[in-house]
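Spelled out from the first residue to the last, the chains are:
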Amino acid sequence: MAGPLLEIEDLKVDFATDEGTVHAVDGVSFSLEAGEVLSIVGESGCGKSVTAMTILGLTRGTNSRISGSVRYQGKELTTASNDELEAIRGDRIAMVFQDPMSSFNPVHKIGDQIVEAVLAHRDMNKSEARTKAVEALRSVGIPDPESRAGHYPFEFSGGMRQRAMIAMALALEPAILIADEPSTALDVTIQAQIIELLQDLNQEHGLSVILITHDLGVVAEIADRVMVMYAGQVVEKGSLDEIFYDPQHPYTWGLLGSIARLDQDRPDRLPQIGGQPPSLLAPPEGCRFRPRCPHAFGKCAELPGLEQRVPKAPDHLDRCWLSPQEKKDLREVEGRIGLEVPA
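Note that this is a predicted model, so its numbers are computed, not measured.

*Asks:* I keep staring at the overall build of the chain and nothing clicks. Help me out?
*Replies:* In terms of regular secondary structure, the chain is built from 12 helices and 14 strands. For the chain, the proportion of its 343 residues judged to be buried stands at 48%. Across the chain, every contact between residues at least 6 apart in sequence was considered, and the portion connecting residues at least 24 apart equals 64%. Split by element, the accessible area of the chain, about 16200 Å² in all, is 49% carbon and sulfur.

Right, here's the structure in full:
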C-alpha cells in the first residue's frame, strides 16, 4: 500500500466541564507507516491517551468537541458512523489499555471475552472462535492456553493479564496496535518480557505499533520514531536517534536528564523538571513549557510552530525559539543532556 497506514492532521479535542473547556489535544499531527513503531511520550495529562482513544472514536460524546482529521488507509474516521468505526475498531486498529485488571470483565472467563470479540468481527461459529482465542493466547506466550482460556482475570498474574490483553487485541490480526502504557505497574523482569513480545510481533508480523509511555527506557528498546507531547501539543518529534542524541526542546532535555544512568557516576540528587504541568483549562500563552523552562526569554511569549530547525534533518521537528547552537550549548548539564543542575 502506498502512503502512510494512519494519518492524523491538526487533531483537536476539547471537553466541556463545569469548570470550563479542557483543551486536551491541541493541533496534533503525525503519521504511522506499515510495520513502524511510533512512541508517544510525556507526563501524565499531556494528551497521549486522549489522542489514541480519539483515533478509535472513544472520546465521542455530548461534552466533547473534535476537529481535524484521522485517516486510516485514506478513510476519514472523525466523520465515520458508529457502525463504520465498530468495523475498524478491534479488527483493523486494536488497543491495549493501561490497566488490564479493569479492562477485562471480572465475572467472565478470559477465553469467553476473546471469543466475544472474534464473533463480533468474523463469520465463524463459537468453536472456531474458541480455537482462534486459544491460538492468540499461545502466540503471546501464555502456557497451557487451552486450560488458561477457562480462567477468570483474577486468576492471572499482572504480567499474564497484560499478555492476555495483548492476545485479545491481536486475535483479529489488526494492522495497528495501540499500546497505552503496556508495562506500567509491572516489575522490571515482566516489563522486559512484554516489550520483547511487542518487538517480536512487530518484526515477525509487520504489526504497526503506537506505544504510549512515560518510560524512555522502554522507548529506547523498541521505537523507530518518537513524538514528545506536553500540555496537549507535540513539542518535538523525530527518529529515535534524533530524539535521544540531538534533542531540541528543553522539555525533552528534562525527560532525558531525569533518567538514572548506569554508565555515569551517581549524582547527589536525581535531576527533575521543576514545577507542575499547566492546567489545560487555561494553558499559558506562547510556549506552554515557558513557566517551567529555565531558558525562557522574551520571544517565548509567542507560540513557536512545530518546525524543522536542525539543518539536514527534515523530519526532526521541534517547538522552541532557541537556535540549534544555543540548544546544543544549554542542554549540556554536568556532562550529560539535562534541563538544569539539580537544586
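*Asks:* Sorry if this is basic, but what is going on with the layout of surface pockets here?
*Replies:* The rolling of a water-molecule-sized probe over the atoms marks out the regions of remaining empty space. When its volume is computed, the largest pocket comes out at roughly 550 Å³. As for the largest pocket, its lining consists of 19 residues, and the residues nearest its centre are Gly90, Met95, Phe97, Ala117 and Met168. Mapped by element, the contributors of at least two residues to the lining of the largest pocket are β6 (93–96), α4 (110–121) and α7 (158–170). With five residues, α4 is the largest single contributor of residues to the lining of the largest pocket. Residue classes in the lining of the largest pocket are distributed as 13 nonpolar, four polar and two charged.

*Asks:* Could you clarify how one ought to interpret unusual backbone geometry in this entry?
*Replies:* What is expected of a backbone is that most residues other than glycine have negative phi and most peptide bonds are trans. In the Ramachandran plot, Asp10 falls in the positive-phi region, its phi being about 50° despite a non-glycine side chain. You can see Asp10 is positioned in strand β1 (residues 6–17). Judged by its relative accessible area of 40%, Asp10 is partly exposed. The phi torsion at Glu173 lies on the positive side, around 55°, for a residue other than glycine. Looking at where Glu173 falls in the secondary structure, it is placed in the loop between α7 and β7 (176–180). Note on Glu173: relative accessible area 56%, which makes it exposed.

*Asks:* Whenever I open this one, empty space enclosed by the protein confuses me. Can you help?
*Replies:* Going through the model one piece at a time under the given rule, you end up with two cavities of 30 Å³ or more. Size it by volume and the largest cavity reaches roughly 70 Å³. Lining the largest cavity are 14 residues, and of these Pro250, Cys287, Cys293, Cys300 and Cys320 sit closest to its centre. By residue class, the composition of the lining of the largest cavity is 10 nonpolar, two polar and two charged.

*Asks:* For this particular structure, what's the right way to read the packing of α4 against helix α5 (residues 126–139)?
*Replies:* At their nearest, the axes of α4 and α5 sit 8 Å apart, and the two run at 115° to each other. Taken as a pair, α4 and α5 cross one another with a handedness that is right-handed. Taking contact as the criterion, the partners of Ile110, Gly111, Asp112, Ile114, Val115, Val118 and Leu119 in α4 are, on α5, Lys126, Ala129, Arg130, Lys132, Ala133 and Leu137. When its residues are assigned to classes, the contact of α4 with α5 shows eight nonpolar, one polar and four charged.

*Asks:* It is not clear to me how the pattern of salt bridges should be interpreted in this structure. Could you clarify?
*Replies:* Charged atoms that come close allow side chains of opposite charge to pair. In the structure shown here, the tally under the stated rule is 17 salt bridges. For Asp14, the salt bridge goes to Arg65, with nearest N and O atoms at 2.7 Å. Taken as a pair, Asp14 in strand β1 and Arg65 in strand β4 (residues 64–72) lie far apart in primary sequence, 51 residues in all. Judged by its relative accessible area of 51%, Arg65 falls in the exposed class. Among the salt bridges present, the one from Arg92 reaches Asp91, with a minimum N-O distance of 4.0 Å.

*Asks:* I keep staring at the sheet that holds strand β8 (residues 208–213) and nothing clicks. Help me out?
*Replies:* Within a sheet, neighbouring strands are paired by backbone hydrogen bonds and run either parallel or antiparallel to one another. Spatially, the eight strands line up as an open sheet ordered β6-β7-β8-β3-β9-β10-β12-β11, and their pairing is mixed. Edge strands, defined here as strands with exactly one partner in the open sheet, are β6 and β11 (307–308). Two strands pair when backbone bridges link them, and strand β10 (residues 233–239) and strand β12 (residues 317–318) are joined in this way by two bridges, in the antiparallel orientation. In the sheet register, Lys237 faces β12, and the bridge partner there is Leu317. Packed on one face of the sheet, helix α11 (residues 250–257) meets β3 (37–41), β9 (225–230) and β10 and runs near 105° to β9.

*Asks:* When you look at the nonpolar core in this model, what are you seeing that I'm missing?
*Replies:* Buried together is how nonpolar side chains tend to be arranged in soluble globular proteins. Residues Leu6, Phe30, Ile55, Ile93, Ile176, Ile178 and Ile210 are the most contacted members of the largest nonpolar core, which totals 60 residues. With six residues, strand β2 (residues 20–32) is the single largest residue contributor to this core. Those residues in contact with Ile178 that lie beyond four places of it in its chain are Ala52, Ile55, Leu56, Ile93, Ala94, Met95, Val96, Ile210 and Ile212. Formed by 37 residues, the second largest nonpolar core is a distinct cluster that contains Val134, Ile142, Ala149 and Ala169.

*Asks:* Could you clarify how one ought to interpret helix α8 (residues 188–205) in this entry?
*Replies:* Residues that lie three or four places apart on an α-helix share one face, since the helix turns once every 3.6 residues. Between its first and last C-alpha atoms α8 spans 26 Å; for 18 residues at 1.5 Å apiece the expected length is 26 Å, and the two agree. Among the residues of α8, those classed as buried are Gln191, Ile194, Ile195, Leu197, Leu198, Gln199, Leu201 and Asn202. Looking at the buried side of α8, the elements it contacts are β3, α5, α7, β7, β8 and α9 (216–222). A positive phi of about 65° marks Gly206, the residue just after α8.

*Asks:* Is there a simple way to think about the environment of Ala94 in this case?
*Replies:* Relative to the helices and strands, Ala94 is located in strand β6. In the structure, Ala94 is positioned 30 residues away from Ser64 in sequence and 22 Å away in space, judged by C-alpha atoms. Sequence-distant contacts of Ala94, that is, excluding residues within four places in its chain, are made with Ala169, Pro174, Ile176, Leu177 and Ile178.

Scoring rules and cut-offs
- Residues numbered from 1 in each chain as written.
- Predicted model: local features only at pLDDT ≥ 70, side-chain atom pairs only at ≥ 80, totals over all residues.
- Heavy atoms only, no water.
- Helix = DSSP H or I, 4+ residues; strand = E, 2+ residues; numbered from the N terminus.
- Buried < 20%, exposed > 50% of the residue type's maximum accessible area, 1.4 Å probe, protein only.
- Contact = heavy atoms within 4.5 Å.
- Areas by Shrake-Rupley, 256 points an atom, 1.4 Å probe, with all protein chains shown as cover.
- 1 Å grid on protein atoms, 1.4 Å probe; cavity = no way out; pocket = protein on both sides within 12 Å on 5 of 7 lines; lining within 4 Å.
- Points joined across faces, edges and corners; volume = space filled by probe spheres on them.
- Nonpolar A, V, L, I, M, F, W, Y, C, P; charged D, E, K, R; others polar.
- Axes fitted to C-alpha atoms, helices over the stretch in contact; angles between N-to-C directions.
- Left-handed = near helix turned anticlockwise from the far one by under 90°.
- Salt bridge = Lys/Arg side-chain N within 4 Å of Asp/Glu carboxyl O.
- Pairing = 2+ DSSP bridges.
- Core = buried A, V, L, I, M, F, W, Y, C linked by side-chain atoms within 4.5 Å.
- Expected span 1.5 Å × (residues − 1).

In short, shape yes, function no, at least from these values alone.
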